[in-house]
Amino acid sequence: MTKKQLKKLAKELAELEIIIQTNESSEEVEGAKEKLIKLTQAADLEFQEILELDEMIHELVTKQLES
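Model, not experiment: these values are computed from the prediction.

Secondary structure summary: the chain contains 3 helices and 0 strands in total. Counting from the amino terminus, helix and strand elements in the chain follow one another as α-α-α. The globule rule puts the C-alpha radius of gyration for 67 residues at 11 Å, and the 12 Å found for the chain is close to it. If you line up the chain on its principal axes, its C-alpha atoms span 35 × 25 × 15 Å. Of all 67 residues assigned to the chain, the portion counted as buried reaches 24%. In the chain, the proportion of contacts linking residues at least 24 apart, taken out of those at least 6 apart, comes to 68%. If you sum the accessible surface of the chain, you get close to 5,200 Å²; carbon and sulfur atoms cover 51% of it. Positive and negative side-chain charges in the chain, numbering 9 and 16 respectively, have mean positions lying 8 Å apart.

Spelled out as structure tokens, the structure:
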């Protein structure tokens, strides 16, 4: 997976993670969890890519929740 693809995936997953952490609607949270699982399974990432992705997601979520 290219860096650009990894960044795009990180952005999508970060948005879903924010929904999971901040939304009060259990239906929306469950939908976000299902989509998050499907995206990560479909990505078929190598270990190093998973580490990079996790770091990118953490940065995006932290930045969004702080603002």
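So, next bit.
Here Glu-49 lies in helix 3 (residues 47-66). Although Glu-49 lies buried, it forms no salt bridge, and the closest oppositely charged side chain, Lys-3, sits 9.2 Å away as judged by the N-O distance. Filtering out sequence-adjacent residues up to four positions away, Glu-49 remains in contact with Met-1 and Leu-6.

Bringing the nonpolar core into the picture now. In a soluble, globular protein the nonpolar side chains are often hidden away together inside. One finds Leu-9, Leu-13, Leu-45, Leu-53 and Ile-57 to be the most contacted residues of the largest nonpolar core, which totals 14 residues. Elements that contribute at least two residues to this core include exactly helix 1 (3-22), helix 2 (26-43) and helix 3. If one sorts the elements of this core by residue count, helix 1 sits on top with 7 residues. Other than its neighbours up to four places away in sequence, Leu-45 contacts Met-1, Leu-6, Leu-9, Ile-50 and Leu-53.

A rise of 1.5 Å per residue sets the reference length of helix 1, with its 20 residues, at 28 Å; its end C-alpha atoms lie 28 Å apart and thus fit the reference within 8%. For helix 1, every residue scored as buried is listed here: Leu-6, Leu-9, Ala-10, Leu-13, Ala-14, Leu-16 and Ile-18. Buried residues in helix 1 make contact with helix 2 and helix 3.

Where helix 1 contacts helix 2, the axes come no closer than 8 Å and their chain directions differ by 155°. When the interaxial angle is binned, helix 1 and helix 2 end up roughly antiparallel. Helix-helix and strand crossings are classified by hand; for helix 1 and helix 2 the assignment is left-handed. Between helix 1 and helix 2, the residues in contact are Leu-9, Glu-12, Leu-13, Leu-16, Glu-17, Ile-19 and Ile-20 and Glu-28, Val-29, Ala-32, Lys-33, Lys-35, Leu-36, Leu-39, Thr-40 and Ala-43, respectively. A per-class count over the contact of helix 1 with helix 2 returns 10 nonpolar, 1 polar and 5 charged.

Conventions we followed
- Residues numbered from 1 in each chain as written.
- Predicted model: local features only at pLDDT ≥ 70, side-chain atom pairs only at ≥ 80, totals over all residues.
- Heavy atoms only, no water.
- Helix = DSSP H or I, 4+ residues; strand = E, 2+ residues; numbered from the N terminus.
- Rg over C-alpha atoms; globule rule 2.2 N^0.38 Å.
- Buried < 20%, exposed > 50% of the residue type's maximum accessible area, 1.4 Å probe, protein only.
- Contact = heavy atoms within 4.5 Å.
- Areas by Shrake-Rupley, 256 points an atom, 1.4 Å probe, with all protein chains shown as cover.
- Lys, Arg positive; Asp, Glu negative; His and termini not counted.
- Charge placed at Lys NZ, Arg CZ, Asp CG, Glu CD.
- Salt bridge = Lys/Arg side-chain N within 4 Å of Asp/Glu carboxyl O.
- Core = buried A, V, L, I, M, F, W, Y, C linked by side-chain atoms within 4.5 Å.
- Expected span 1.5 Å × (residues − 1).
- Axes fitted to C-alpha atoms, helices over the stretch in contact; angles between N-to-C directions.
- Parallel < 35°, antiparallel > 145°, perpendicular 65-115°, else oblique.
- Left-handed = near helix turned anticlockwise from the far one by under 90°.
- Nonpolar A, V, L, I, M, F, W, Y, C, P; charged D, E, K, R; others polar.

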